[in-house]
Amino acid sequence: MIPSVSVSSLLTAFALLVFSANDSAVAIIEFIALREGASYEDTMQRMNGMAAGLGATHTEFTNPHGLHELGHKTTPYDLYLIFEACINSSLIKTGIFIL
């Protein structure tokens, strides 16, 4: 991403989902953290809690983009559960994605 350029949350989400734009994943987490007055780490823990709530109990995210990092782990089945929740989301089905 280019500093000081405004990009919509929809475009950022599409960049992440379609082009695997890792900087978009970081931007989304930082935006959510800022909006909620939380730290990056707290927001990552929330992401882990959401994954566990989907039944992805063998997943521990240490970053939002999924690149290798010590302690970052998941399983194919957990990824399936997370993916299934995404594609079944009414926000994704209707093409509306607002952070």
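Per chain, residue numbering runs from 1 following the sequence as it is written. Owing to the predicted nature of the model, reporting of local features is limited to residues with pLDDT of at least 70; listing and counting of side-chain atom pairs is limited to 80 or more, with chain, interface and lining totals taken over all residues. Water and hydrogen atoms play no part in the side-chain values, which are based on all heavy atoms of the structure.

> How do you make sense of the overall build of the protein when you look at a structure like this?
Assigned secondary structure in the protein consists of five helices and zero strands. Secondary structure is summarised from DSSP: a helix means a run of H or I of at least four residues, a strand means a run of E of at least two, and numbering begins at the N terminus for each. Along the chain direction, N to C, the helices and strands of the protein fall in the order α-α-α-α-α. Here the protein holds 99 residues, and the buried ones make up 24% of them. Residues count as neighbours in contact if any of their non-hydrogen atoms are within 4.5 Å of one another. Residue pairs at least 24 apart in sequence account for 30% of intrachain contacts in the protein once pairs closer than 6 positions are excluded. Working definition: with a 1.4 Å probe on protein chains only, accessible area under 20% of the residue-type maximum means buried, over 50% means exposed, and in between means partly exposed.

> So what exactly am I meant to see when it comes to the packing of aromatic side chains here?
Geometrically, a pair of aromatic rings is defined through the distance of the ring centres and the angle of the planes. Aromatic contacts are taken between Phe, Tyr and Trp rings whose centres are within 6.5 Å, Trp giving its six-membered ring; a plane angle under 30 degrees counts as stacked, one over 60 as edge-to-face, and the others as tilted. Within the structure shown, the criterion is met by one aromatic pair. Each ring, one from tyrosine 77 and one from tyrosine 80, has its centre 5.8 Å from the other, and the planes form 35°; the classification is tilted. With tyrosine 77 and tyrosine 80 both in helix α4 (residues 76–87) and three residues apart, this pair spans about one turn of that helix.

> I tried to follow the environment of serine 24 on my own but got confused; where do I start?
Mapped onto the secondary structure, serine 24 falls in helix α2 (residues 22–36). In sequence terms serine 24 and threonine 12 are twelve residues apart; their C-alpha atoms lie 5.7 Å from each other.

> What is the right way to read the nonpolar core from this model?
Here is a general trend for soluble globular proteins: nonpolar side chains tend to be buried in one another's company. Residues Ile29, Met44, Met47, Ala51, Ala56, Phe61 and Ile82 constitute the largest nonpolar core, which totals seven residues. When residues of this core are assigned to their parent elements, the largest contribution, three residues, is made by helix α3 (residues 40–53). Other than its neighbours up to four places away in sequence, alanine 56 contacts Ala51, Asp78, Leu81 and Ile82. Definition used in this section: a nonpolar core is a set of buried Ala, Val, Leu, Ile, Met, Phe, Trp, Tyr and Cys residues joined via side-chain atoms within 4.5 Å.

> It is not clear to me how the pattern of salt bridges should be interpreted in this structure. Could you clarify?
Two side chains with opposite charge may pair up if their charged atoms get near one another. Basic side-chain nitrogens of Lys or Arg form a salt bridge, by our definition, when they fall within 4 Å of a carboxyl oxygen of Asp or Glu. Throughout the structure, instances matching the rule amount to two salt bridges. Its salt-bridge partner being arginine 35, residue glutamate 36 comes within 3.5 Å of it at the nearest N-O pair. Between arginine 46 and glutamate 36 there is a salt bridge, and its shortest N-O distance comes to 2.6 Å. Here the residue arginine 46 occupies a position in helix α3, and glutamate 36 occupies one in helix α2, the gap between them amounting to ten residues. The partly exposed category is assigned to glutamate 36, whose relative accessible area is 38%. Because the salt bridges share partners, they merge into one network encompassing Arg35, Glu36 and Arg46.

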